[in-house]
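Listed below, chain by chain, are the residues.
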Amino acid sequence: MERIDLKKLDPEFKHRVAGELGGEHIKKCFACGICSARCPIEKIEPEYNPRKIIRMILLGLEDELLKEEFLWHCSTCYTCQESCPQRVNFTEVIFALRNLAVRKGLAPAGMAAAQNLLSQQGRMYEVGDFENEKRQEMGLPKIKGNPEDYQKLLKK
Amino acid sequence: MNYAFFLGCTVPVRNLNYELSARLVAETLGLELVDLEDFQCCGFPLKSVHFFDSLVIAARNLALAEKAGLPVCTLCSACGGSLSEANHLLRHNAELRSQINERLKEVGLEYTGTGEVKHFIRILYEDLGLDRIKEKITRPLSGFTFAPHYGCHFIKPAEAAGGIDPVEDPKSLSELIEVTGAKALKYNTMLNCCGGSVLGAKEDLANTLAGQKLGEVNQLGANGLIMICPFCNVMYEGQQKKVEKKLEQKLKVPVLYYPQLLGLALGAGPEQLGFKLNRVKDKDFLKQFEKED
Amino acid sequence: MMTLSEVQKIPKVLIFGNGPTAQETAGQLLDLGYEIIEINPAEDFSQDISCPATGSSPVQDYMEKWGTLANNPRYVLFNQTALQTIEGFAGEFQVRLKRDQKEWIETVGAIVLAPELISTGRFEDYALTPSNQIMTLEELNAAVCSSGEGIEGKAEKETRLKGLTPQTYVAFLVGLKAEGNVLDMARTLSLAQELGRKYQSQICVFCRNVKVAEEGLERLYQACRDEGVLFFKFDDEGPEIIRSGERVILHFTDMVLSQPFELVPDLLVLDSVHSLSEKLQGLAVSARINTDGNGLLQPANVHLLPQASNRAGIFLAGPGKGPLLPRTGLEEAKAAALMVHHFFQGETLENQQREVTVDKGLCTICLTCLRFCPHQAIGWSHRIFIHPLACQRCGICASECPMDAIQIAGYADLEVESKLTRFRQKWQEVETTQPKVVIFGCQRSAGVAWEEVQRSTFNVKGHLDFISLPCAGKLDPDYVLKVLAMGADGVVVLACPEENCKSIYGNTYAHGRFEEIRDYVEETGFDPRRIRFEYLSSNMVWKLKEIMEEWMEELGGMINQQSAA
């Protein structure tokens, strides 16, 4: 591995993450490693390592981290969050990092689709006449589908 | 016992069997599930993209329920998690709450934090109780064994979920299975994550996760794997064939929703419980419950 | 020889020290009614100038009280005075003092050593020399803390910090070259926090363990992390330090990421070496007061309470044992005063009722006993004298004495011998296919384990007898040989685990002697496997059972083979 000049990294990055919704407790970590020890993803894909991700945030490896594909491999099982003795709330840190990556245009292609769908139709799956017919056949009530509120609330 | 019935996005379109069986069970047991037609997406898919906005739309749903004066009942664990986490967060963070309410003003709503969110399973276990359910069992499922799949967002994070079940050693779903007369399996991978959240980003990784549980349950030969969330269902039922290929072993793990199981014990027939829509099922098992008429 | 009740205890206490601990000990003992002679090697008492986070304010509260000590008629203070030697024993020490050219002796009943440590920057260990880029923790402390007004050179030290900006990096090296301590860590944490707040520089702390075992330090550590201080922890000596002209460059690998980094700190802060004054180190040697591996007072032995030394009547308080936070020194002062008080009130060890005798007919005044005594309880004039209050009845002197002139009541050679004779009689009456074994064990460890075993079920494969010793150090090589000569098949010697001997090195001596015995045994034709030495603590009942059941069975096999051959 190439030697990195610590001064070239951004010491403000950790404070920025701490200012994000979900990242508030990032600096409480003292690298005990229980998150990585219990993470089910780490067992299958060792590159995804919560303790290392936190360390990268604290040391300021912003660009290296936000472009990583593995940020999107967390299964949000919350095991790390439940185990952490410092209540770093790492699952929510992942959400914060993902938010930052999206803002920088570094998210995988499909992720932004959710935003579009919701702001247009308020639902992930459209409920049209076809869907309501099927429901009626099974004796289930119709779904109205009210996108207006979402169009207002989620305008970009 | 009245609840605002929160269907979410997936269940009412892709898992009608879950919705059908839940409604039937609720009616039989005296729970009233009220449809609020303005309910929309809970916000879960938006968390990774824009956390704040996901809280806005979660709060909108909560505000609607508050207005109706009803606690929320969710079928999907992701919805349950998203709404209860939002509820917990906004109750304790006044500044965030006022920021959210600023946005909700645009649609004429206000979130006050006076509402409750409970997963359907939790309502059965806590609000109704095992005794009340037992009274209504007409056809005990003795001799059968089912493997409970708790999933992750039903009991975690414990704070937001109201500490319903100890995270390391939950019992609620297992006891609900046993009240039907069947045995609930306790197995090594019982608390494993289904991998549903990763399916979009890396299918192979998700399938590996799902395979861990399917492999064990298949080996132990349970009569079925019990679901309480449509995401988990996608992984265990929908992806079972792909997982089979990946593990290079034949898998025969019937997958069904808990209300479908309970419904059978309450005397309903497979048709009424939407079993037609189950993709991996044990036809022989279901034959015993078919109604003549 | 003097008996315990005849020991005189002069109600005068000599307190040696140059800081808050000594002052507080004096104050506490005055309140308890004793006469105090306070000896300060320095010109004046050192004032604590730590940052508030490390608790200097408690010290400031006490200073008013200490100002009034001089008014007390039972108190006398000698400044710029050196403690040359300590003669005598508990209850009556003769302490030789020196001031300017004058020397004189004070006679006191007890002594409290409460020195402050001398702290110097750890330049040598890091192979660095002082420069503008480098400061010691002490210098930085003086520069930053507002309570350091009037500190010599504060202004000059402060100017060195003027170069710090939000773009600069400060690196602390602490607890890397030697095991860290709370004082350096407390100073590092509060200074890291101060510098971060004042100059918004990025602070990096390089350490092995973050020592937070003191009130408030865990919270301070958390606060530092919250405010952006970075901690780099290592399980080796830490960053490689490279000199490039005037610059110091740090090369290190982050243990979490396994990633190599480089840092050229704008300010480098070194931790300190803490030591006793040379004079005091010399006194410890001449007065046989045990020190630890770092030359500080009190070895790391669990049997020594924090304020106790290996010598009765001599007590320790404060950082002389190891760097402490100032407020801990004050707590120790109170504890020391209480211990001194109990000493004067007649508190003794339980076995000090046993009589110790020296047969002057056998004694040749070779002084072996005096040299071996771990408690410096033996003196001599025209004959050997064992002080009944200083002596802790370990028996090392008795076993080392080449003439067997020293006896301790209850463990005398004749008493042991008569026990062995009784065993021999017993053995002659029983059948001999099963082995006959005698265990010599220290009463504190093996003795306790033995009682525990008696209460449980066990299946000993032979005849087993236990002889209790006050300390394994009492084991005379003769005993083992006598036992074998009496017809025993095996002998086991059990001593307390290493660094766990109440008599400091009784167990070590026992082991050493045992190895010699093994050679004799072989020479005399016995199978050396028939004797065994083990370190055993009082809760290792499992091991004692293993010896009793498994080893004795093996032994049985051994002797039956030999008799068959």
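A quick note: this is a predicted structure, and the numbers were derived from the prediction, not measured.

Draft legend 1. Spatial organisation of the overall build of chain B. From N to C terminus, chain B includes 13 helices and eight strands. Whereas a compact globule of 293 residues would reach a radius of gyration of roughly 19 Å, chain B reaches 19 Å, a difference of no more than 12%. Summarising its shape, the C-alpha atoms of chain B cover approximately 55 × 45 × 35 Å along the three principal directions. Every one of the 293 residues in chain B was classed for burial, and the buried ones make up 58%.

Draft legend 2. Quick peek at the overall build of chain C. Looking only at helices and strands, chain C features 16 helices and 26 strands. Principal axes of the C-alpha set define a box for chain C whose edges measure 90 × 65 × 40 Å. Of all 565 residues assigned to chain C, the portion counted as buried reaches 43%. Sequence separation of 24 or more characterises 72% of the internal contacts of chain C that already satisfy a separation of 6 or more.

Draft legend 3. Examining the interface of chain A and chain C more closely. Tallying the contact residues gives 18 residues for chain A and 15 residues for chain C. Elements with a minimum of two residues in the side of chain A that touches chain C: strand E1 (4–5), helix H1 (13–19) and helix H4 (50–59) of chain A. The element best represented in the side of chain A that touches chain C is H4 of chain A, accounting for six residues. Taken together, the residues that form the side of chain A that touches chain C break down as eight nonpolar, one polar and nine charged. By the bridge criterion, two bridges tie E1 of chain A to strand E15 (residues 259–263) of chain C in an arrangement that is parallel. Within the sheet, the bridge partner assigned to Ile 4 of chain A lies in E15 of chain C and is Phe 261 of chain C.

Draft legend 4. Main features of H4 of chain A. Across the ten residues that make up H4 of chain A, a large majority, ten, are buried. Just past H4 of chain A, the residue Gly 60 of chain A takes up positive phi, approximately 95°.

Draft legend 5. A look at the packing of helix H2 (residues 16–29) of chain B against helix H12 (residues 258–265) of chain B. Residues and elements named next belong to chain B. The geometry of H2 relative to H12 is characterised by a closest axis approach of 8 Å and an angle of 45° between their N-to-C directions. Looking at the two axes, H2 sits oblique to H12. Crossing angle aside, the handedness with which H2 passes H12 is left-handed. Every residue of H12 that contacts H2 at Asn 17, Tyr 18, Ser 21, Ala 22, Leu 24 and Val 25 is listed here: Pro 259, Gln 260, Leu 262 and Gly 263. Among the residues forming the contact of H2 with H12, the class breakdown is six nonpolar, four polar and no charged.

Draft legend 6. View of the interface of chain B and chain A. Across the boundary between the two partners, chain B contributes 45 residues, which contact 44 residues of chain A. Secondary structure elements with two or more residues in the side of chain B that touches chain A: helix H1 (11–14), H2, helix H3 (51–68) and helix H9 (203–220) of chain B. Considering every element that reaches the side of chain B that touches chain A, the biggest residue donor is H3 of chain B, with six residues. Its residues placed into classes, the side of chain B that touches chain A shows 23 nonpolar, ten polar and twelve charged.

Draft legend 7. Layout of the sheet that holds strand E9 (residues 134–136) of chain C. Residue and element names in this part refer to chain C. Spatially, the five strands line up as an open sheet ordered E9-E16-E10-E11-E12, and their pairing is parallel. Each end of this open sheet is capped by a strand with a single partner; those strands are E9 and strand E12 (230–233). The mean angle between the axes of side-by-side strands here comes to 20°, regardless of whether they run parallel or antiparallel. Lying over the sheet, helix H4 (residues 137–144) contacts E9 and strand E16 (267–270), oriented at roughly 85° with respect to E9.

Draft legend 8. Seen up close, the arrangement of the chains. When the two pairs of chains in contact are compared, the highest contact count belongs to chains A and B. Left apart from each other, chain B and chain C have a closest C-alpha approach of 20 Å.

Draft legend 9. Highlighting the environment of Val 416 of chain C. Residues and elements named next belong to chain C. Turning to its location among the elements, Val 416 is positioned in helix H12 (residues 413–429). In this structure, the C-alpha to C-alpha distance between Val 416 and Ile 467, residues 51 residues apart in sequence, is 8.0 Å. Every residue in contact with Val 416, bar those within four places of it in the chain, is listed here: Tyr 411, Ile 467 and Tyr 479.

Draft legend 10. A look at the domain arrangement of chain C. All names here are of chain C. In terms of domains, chain C is made up of domain 1 (4–117 + 276–344), domain 2 (119–274), domain 3 (351–407) and domain 4 (413–564). Spacing between the C-alpha centres of domain 1 and domain 4 amounts to 44 Å. Each partner contributes residues to the interface: domain 1 has six residues there, and domain 4 has four residues. Residue composition of the side of domain 1 that touches domain 4, grouped by class: two nonpolar, four polar and no charged.

Draft legend 11. Broad picture of helix H8 (residues 111–121) of chain A. Residue and element names in this part refer to chain A. Looking at H8, one finds that the buried residues are Ala 114, Gln 115, Leu 118 and Gln 121. Tucked inside the fold, the buried residues of H8 contact helix H10 (148–153). Two residues or fewer past H8, Gly 122 is found with a positive phi of approximately 70°.

Draft legend 12. Summary view of the domain arrangement of chain B. Residues and elements named next belong to chain B. Looking at chain B, the domain boundaries give domain 1 (2–120) and domain 2 (133–287). Placing a centre on the C-alpha atoms of domain 1 and another on those of domain 2 gives a separation of 24 Å. On the domain 2 side, the residues contacting the 23 residues of domain 1 number 27 residues. Among the elements that make up the side of domain 1 that touches domain 2, the one with the highest residue count is H2 (ten residues). The residue inventory of the side of domain 1 that touches domain 2, partitioned by class, reads ten nonpolar, eleven polar and two charged.

Draft legend 13. Geometry of the pairing of E12 of chain C. With burial as the criterion, only one face of E12 of chain C is covered, namely that bearing Leu 230 and Phe 232 of chain C; the residues Phe 231 and Lys 233 of chain C on the opposite face remain uncovered. Read as a crossover between parallel neighbours, the route from strand E11 (residues 202–207) of chain C over helix H7 (residues 217–226) of chain C to E12 of chain C is right-handed.

Draft legend 14. View of unusual backbone geometry. Here the bond from Lys 156 of chain B into Pro 157 of chain B is cis, since omega is -10°, no more than 30 degrees from zero. Looking at the secondary structure, you find Pro 157 of chain B in the loop between strand E5 (145–148) and helix H8 (172–178). Not every positive phi belongs to a glycine, and Tyr 78 of chain A is a case in point at roughly 70°. Looking at where Tyr 78 of chain A falls in the secondary structure, it is placed in the loop between helix H5 (62–66) and helix H6 (79–83).

Draft legend 15. Layout of the confidence of the model for chain C. Taken residue by residue, chain C gives an average pLDDT of 89. The fraction at 70 or more is 95%. Interface confidence for the predicted complex, given as ipTM, is 0.94, next to a pTM of 0.88.

Draft legend 16. Region of the structure containing the pairing of strand E7 (residues 224–227) of chain B. All names here are of chain B. In E7, alternate side chains face the same way, and those of Gly 224 and Ile 226 on one face and Leu 225 and Met 227 on the other are all buried. Sheet topology note: the E7/strand E8 (residues 255–257) ladder contains three bridges and is parallel. Pairing of Leu 225 across the sheet is with Val 255, part of E8.

Draft legend 17. How the structure looks around the nonpolar core. Grouped together as the largest cluster of nonpolar side chains are 188 residues, with contacts concentrated most on Ala 59 and Met 227 of chain B together with Ala 171 of chain C. Setting aside residues up to four positions removed in sequence, Met 227 of chain B forms contacts with His 149, Cys 232, Asn 233, Tyr 236, Val 255, Leu 256, Tyr 257 and Tyr 258 of chain B. Core analysis: the next-biggest nonpolar cluster, separate from the first, contains 64 residues, Ile 386, Cys 391, Leu 484 and Leu 536 of chain C among them.

Draft legend 18. Representation of the environment of Ser 456 of chain C within the structure. Residues and elements named next belong to chain C. With respect to the helices, strands and loops of the structure, Ser 456 is situated in the loop between helix H13 (446–455) and strand E24 (463–469). For Ser 456, a count of 8 C-beta atoms within 10 Å translates into the label exposed. As for Ser 456 and Leu 263, which are separated by 193 residues in sequence, their C-alpha atoms are 63 Å apart.

Draft legend 19. Structural context of the packing of H3 of chain B against helix H5 (residues 94–104) of chain B. All names here are of chain B. Packing of H3 against H5 brings their axes to within 10 Å, and their N-to-C directions diverge by 75°. The pairing of H3 with H5 is recorded here as roughly perpendicular in orientation. Contacts between H3 and H5 involve Leu 55, Val 56, Ala 59, Arg 60 and Ala 63 on the former and, on the latter, Ile 100, Arg 103 and Leu 104. Taken together, the residues that form the contact of H3 with H5 break down as six nonpolar, no polar and two charged.

What counts and what doesn't
- Residues numbered from 1 in each chain as written.
- Chains lettered and ligands numbered in written order.
- Predicted model: local features only at pLDDT ≥ 70, side-chain atom pairs only at ≥ 80, totals over all residues.
- Helix = DSSP H or I, 4+ residues; strand = E, 2+ residues; numbered from the N terminus.
- Rg over C-alpha atoms; globule rule 2.2 N^0.38 Å.
- Buried ≥ 20, exposed ≤ 12 C-beta atoms within 10 Å, placed from the backbone.
- Contact = placed C-beta atoms within 7 Å.
- Nonpolar A, V, L, I, M, F, W, Y, C, P; charged D, E, K, R; others polar.
- Pairing = 2+ DSSP bridges.
- Axes fitted to C-alpha atoms, helices over the stretch in contact; angles between N-to-C directions.
- Parallel < 35°, antiparallel > 145°, perpendicular 65-115°, else oblique.
- Left-handed = near helix turned anticlockwise from the far one by under 90°.
- Domains from an automatic or database assignment.
- Right-handed = clockwise from strand over helix to strand, strands pointing away.
- pLDDT = per-residue confidence, 0-100.
- Core = buried A, V, L, I, M, F, W, Y, C linked by C-beta atoms within 7 Å.

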